[in-house]
Each structure stands twice: as C-alpha cells, then as structure tokens.
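The lines below spell out each chain.
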Amino acid sequence: MANVPADLKYVASHEWIRVEADGTVTVGITDFAQEALGDVVFVELPEVGADVEADADCAVVESVKAASDIYAPLSGKIIAVNEDLVDAPEKVNEDPYGEAWFFKMELANAADLDGLMDADAYSAACEG
Amino acid sequence: MAKRTALYDKHIEANGKMVDFAGWDMPVNYGSQIEEHNAVRTNAGMFDVSHMTIIDVMGSDSTDYLQKLLANDVARLQEKGKALYSGMLNQDGGVIDDLIVYKADGGYRVVVNSATRAKDLEWLQSHRPAFDNLTLTERPELAMVAVQGPNAIARVKQAKPECEVAVDGLKVFQGRPLADWFFARTGYTGEDGLEIMVPEAEVAAFWQALLNVGVQPCGLGARDTLRLEAGMNLYGNDMDESISPLQANMAWTVAWEPADRQFVGRDALEAEKAAGVANKLVGLVLEGRGIMRSHQKVIVEGVGEGEVTSGTFSPTLECSIAMARVPVATGDSCLVDIRGKQIPARVVKLPFVRNGKKVYEG
C-alpha cells in the first residue's frame, strides 16, 4: 500500500502539502503518484517568483512511460524550487516526501488550507 | 474481462503491475522498468508474449498464398526453420501488420501482433478462396516466452537442458522444433536471445525454471524502450494502414524481385517510388532537456515538418530518443516541439543500440 503520512495535506491530483512554521508551504507528489508513474527520468520546475493560481499546471514530471503535469495546490507565489531534482529525478521514486519536494509557496490566502484533504480523505480517494 | 495468459499467476506472484494491452491483462513492469531494461542489455530478461497470435499456414498452395499476401518473399526461405520479417499490405500499399514467418514442414508458421489479430485473420481469410490446398489454423494453445540478452541462450539451456539439441547451432533468424516446443533465435530487443513457443500447460514450470537460474521478468514497458533503442517499429505507432513500408524504414523488407510477383500493394508502392517517396522514418537524439513523445511536431528548417512516431527516455544512452517521420530532404538536425518549446535534436540512422552498445554516429 502507498505511504500517506498523517502530518501532510493532500489534493486529488496527487500533490502533498506541508505547512511550515512560518506559514509557507512545501509541495511534492505522493507515494501513490510516483508508484503509478514508474521510474521518473525528467522534472521541469516553475520559476521562482512566479504567481500561480490554484489548480494551474506549474511543473512537469516524466517517467520512462509518460509525462504528467504537477498542479499548484493553492494560489500564491513560488518562493523556492528544488534544483537538485533536475539532476537526480530518481529521488522522486526514492523519497517522495523528503528529498524530492518540488517547490515552496507563499500562500495568497492561508484560509485556503482548510479546503485540502487530510491523510484519511486522500487514502480513500486513491482507493476509489 | 481482459484475457489472461497462462503466465498470469506468475506475473501476480512476481508483483507485476498489470495493465490492459489489446484486451489482455499484461504486466507493464515488476517494479522498475529501467532495471528490467538493463537486465536485458547486460544479462538476461524474459517476456511473456503469449498474447501474440500464431497462425499455421499449411498446404501445397501456402507458398503461392504468402507470396501474394506478403511484401517480402517467402521463397527466400530455403531451409526449414528460417524466418523472414515482412509487412502485409493493403491495395494502397499501407501496412495492415508486420509479422514474422517461419518455414515449417508442409507450410509456414506466421506470428502477428495481438492488437491487429481480428483484422489480420479477416484479411487472411478473405484471400483464401483463390487457393485450393490451403489451411489456416490459429494456435492459441501455444504460449510464447521471449528470453533476451547476452546470457539468454545459456540461461535457457540451463533451465531446460534437453533443449540443447534444438538450440545449439541455431543461426540468427532461424528456429527449430523440439516435440511440441519451438525455439527461434529472434527477438524485439536488439540483443541475442530466443523466442520460444511452449504448450500452455508447460509454460509456468518453464518460467519458474528460468526464474531459478536468474532470468529477470520484464514487462511491456521495458519491451518498448528496448525495441525503440534497437530501432524496431511498433505497429500502430511507427506505421499503420495509412503508411507505406517505404516511409517506415521497411523498404528492405519489400522483395521487388522477381518482378512478376504480384503481391498485394505492389502497384501502389511502384507508383509511390516513381513519384518520389515523400517521407522517411529516422532516429532522433534530443540535444536539450526533455523527453520526446509520439505525436510531437518536428520542425526541419527550410524543409518542412514531421512528427515523432515513438519517443522515450533511453535507459542505455541516458537521454531522450525517438523515431520520427520527416521529409526525405531532412538533413542531420531538427527541432522538436515539446510542450510549446522547440528543442534541438540530432537526426541519426537507426538503430541506436545493438548488443548493449551505442551504434549511431556522433
């Protein structure tokens, strides 16, 4: 079974969201998503400083098999991207919740966090 | 419900991730597609290809019949067991399917793609009435396993020692029967190896024996990256009924001689040749970042446009490679439109990889 850490938030498009102490969020893709993709071989990241809308595609992950968009889970500004993934995309398979974070965001509206799924809701969505 | 091969339980046991492929429940990988790919390039891997369709074409008219239906000439098969790769064309010269035909006792054995089975059988049947002494028999009771890689033949002999008499001395593109089994030195990976037809009741034990001597099970994912590196066409991607073999890197499979052999599609191919063939199928190696995928647009400056027919990440070369159909005047470089960005690519002669090594120039 896919690993779904209880301390993270989720969206149906298989991104996870971690709320940091300073109110910013870190975003990556879930274990379920990396498992479905297979061996990841290419990652394209958003521009630092870009304003993104919730549900807009802002990054790309490609496995040997297929390309898949990564969506901004919430509206806000990209404040950091994980450049290490560009040279080591396989980390997405190895450590999806740790070393393989994709980008960090400053949220336009912190109240948007209330609309995200918790681990139980996401697990149920994956099984459905 | 999707059909299952006799090896279905073996795939589940080995944690195969099952997907639908032309109505069959088949493993796409057993964990890591890249590890499976590399096992074939460096050691030995095995594929369940039991979903492919085996048809025995028998009778004294079988040679005339296949000389009519295939663009390649079965008369080239002098020795029993020798194999030939051919396109089967429609009247317009488009490829209905690509197939392998083996010379057998009293006729031929033909192996066609599973995705095209129904239309192939219909086409084969529709040309049958013109021939008196001819039988077509499908052989669904035969499973098929491809064992591929530099150590593949040694591992097969280890797993089934009694097959040595059939396998030893087998030339490339040649097969030999052993009781109800058939061993052919053919494949779809660019490596040495065998494709083995096995009675369904015996195939699970054979698969287990191969596992026991260290042969890596490989799924459809690795099969695709291996064949693409080897520059081998995938029906439905790289050619179909709207594409002639002359535009699919299959000109070498068209037997023009003898000139009076009227195979189906010949007139259309001759007209195409006389008018000048418009496009060619080439290899692309991406020079920038990204992964080429089928249907992406190819731009050849000053010449025109083409299209990627198959694209992937090459585990052996560690960059993106593709096959693309481009105008014949295309030189050694082009641009590929990847999600709106034009990324430069080098045009190379296929294949990319043979026997574990990069073979294209540059």
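Residues numbered from 1 in each chain as written. Chains lettered and ligands numbered in written order. Predicted model: local features only at pLDDT ≥ 70, side-chain atom pairs only at ≥ 80, totals over all residues. Heavy atoms only, no water.

Let's talk about the domain arrangement of chain B
Residue and element names in this part refer to chain B. Stated precisely, the cut-off is as follows: Domains are outlined according to an automatic or database domain assignment. Note on definitions: a residue-residue contact is assigned when non-hydrogen atoms from the two residues lie within 4.5 Å. The term buried area means the drop in 1.4 Å probe accessible area that two parts suffer when joined, counted for both and summed. We define a salt bridge as a side-chain nitrogen of Lys or Arg found within 4 Å of a carboxyl oxygen belonging to Asp or Glu. The numbering of helices and of strands both runs from the N terminus, where a helix is a DSSP run of H or I of at least 4 residues and a strand a run of E of at least 2.
By domain assignment, chain B separates into domain 1 (8–48 + 140–229), domain 2 (54–138) and domain 3 (245–358). Each partner contributes to the interface: domain 1 provides 11 residues, whereas domain 3 provides 17 residues. The largest per-residue losses of area from domain 1 upon contact with domain 3 belong to Gly190, Leu228 and Glu229, which jointly make up 55% of the total buried on that side. Put simply, domain 1 and domain 3 have zero salt bridges between them. Every element with two or more residues in the side of domain 1 that touches domain 3 is listed here: α2 (33–42) and α8 (220–229).

A word on the nonpolar core
Residues and elements named next belong to chain B. Rules: Take the buried residues of types Ala, Val, Leu, Ile, Met, Phe, Trp, Tyr and Cys, join any two whose side-chain atoms come within 4.5 Å, and each joined set is a nonpolar core. Burial here depends on accessible area, computed with a 1.4 Å probe over protein chains only, as a share of the maximum for the residue type. Under 20% is buried, over 50% is exposed, and the range in between is partly exposed.
Core analysis: the biggest nonpolar cluster contains 32 residues, and Tyr102, Met197 and Met239 have the highest contact counts within it. Breaking this core down by element, the ones donating at least two residues are β5 (83–89), β6 (95–104), β9 (142–148), β11 (181–184) and α8. Once residues within four sequence positions are removed from consideration, Met239 is found in contact with Tyr85, Val95, Asp98, Asn233, Leu234, Ala248, Met250 and Arg325.

Overview of the state of the cysteines
Quick note on the threshold: Throughout, a disulfide means two cysteine sulfur atoms within 2.5 Å of one another.
Enumeration according to the criterion identifies zero disulfides over all chains in this entry. The structure places no disulfide on A:Cys58, whose sulfur is separated from the nearest cysteine sulfur, that of A:Cys126, by 19 Å.

Focus: the interface of chain B and chain A
To be explicit about the condition: Counted as a polar contact is a pair of N or O atoms within 3.5 Å, where, for protein atoms, one must be capable of donating a hydrogen and the other of accepting one, and residues adjacent in sequence contribute only when both atoms are in side chains. Three classes are used: nonpolar for Ala, Val, Leu, Ile, Met, Phe, Trp, Tyr, Cys and Pro, charged for Asp, Glu, Lys and Arg, and polar for all others, with Gly counted as polar.
Listed per partner, the contact involves 14 residues of chain B and 15 residues of chain A. Considering only the side of chain B, the residues that lose the most area to chain A are B:Arg289, B:Arg293 and B:Arg339, jointly responsible for 42% of the buried surface there. The tally of links from chain B across to chain A stands at five salt bridges. For B:Arg339, the salt bridge goes to A:Glu44, with nearest N and O atoms at 3.9 Å. Seen at the junction of chain B and chain A, the total is 12 residue pairs in polar contact (both at pLDDT 80 or more). Listing elements by their share of the side of chain B that touches chain A, those giving two or more residues are α2 and β16 (304–314) of chain B. When its residues are assigned to classes, the side of chain B that touches chain A shows four nonpolar, five polar and five charged.

Considering the confidence of the model for chain A
Operational definition: Scored from 0 to 100, pLDDT records how confident the predictor is in each individual residue.
Per-chain confidence: chain A averages 95 in pLDDT, with 98% of residues scoring 70 or above. Of all secondary-structure elements in chain A, the lowest mean pLDDT belongs to helix α4 (residues 119–127) of chain A, at 93, while strand β8 (residues 76–81) of chain A reaches the highest, 98.

What to know about the packing of helix α5 (residues 152–159) of chain B against helix α7 (residues 200–212) of chain B
Residues and elements named next belong to chain B. Rule in force here: Note on geometry: axes are lines fitted to C-alpha atoms, helical ones only across the stretch in contact, with angles between N-to-C directions running from 0 to 180 degrees. Left-handed describes a crossing whose near helix is turned anticlockwise from the far helix by less than a right angle; the clockwise case is right-handed.
It is the contact of α5 with α7, at a shortest axis distance of 9 Å, that shows an interaxial angle of 115 degrees. Pair α5 / α7 crosses with right-handed handedness. Of the residues in α7, those in contact with Arg155, Val156 and Ala159 of α5 are Phe206, Ala209 and Leu210. Looking at the contact of α5 with α7, its residues break down into five nonpolar, no polar and one charged.

A closer look at the side chain of A:Thr26
All names here are of chain A. By the secondary structure assignment, Thr26 is in strand β3 (residues 25–29). What makes Thr26 buried here is its relative accessible area of 0%. Setting aside anything within four residues of it in sequence, one finds Thr26 in contact with Trp16, Ile17, Arg18, Glu20, Trp101, Phe103 and Lys104.

A closer look at the sheet that holds strand β4 (residues 40–44) of chain A
Either a parallel or an antiparallel arrangement is found when strands of a sheet pair, and the pairing is made through backbone hydrogen bonds. All names here are of chain A. For the record, the criterion: Pairing between two strands requires that DSSP report at least two bridges joining them.
In space, the three strands of this open sheet follow the order β4-β6-β7, with antiparallel pairing throughout. The two strands at the open ends of the sheet, each matched to only one other strand, are β4 and β7 (67–71). Across the sheet, the mean angle from the axis of one strand to that of its neighbour is 25 degrees, orientation sign disregarded.

Examining the confidence of the model for chain B
The pLDDT averaged across chain B works out to 97; a share of 100% of its residues lies at or above 70. The ipTM value of the predicted complex is 0.85, and its pTM value is 0.94.

Observations concerning the sheet that holds strand β2 (residues 15–19) of chain A
All names here are of chain A. The strand order β1-β2-β3-β9-β8-β5 describes an open sheet built from six strands, whose pairing is antiparallel. Whereas interior strands pair on both sides, the edge strands pair on one side only; in this sheet they are β1 (9–10) and β5 (51–52). Relative to strand β9 (residues 103–107), β8 is paired through five bridges, and the arrangement is antiparallel. Bridging from a neighbouring strand, Lys77 pairs with Glu106 of β9.

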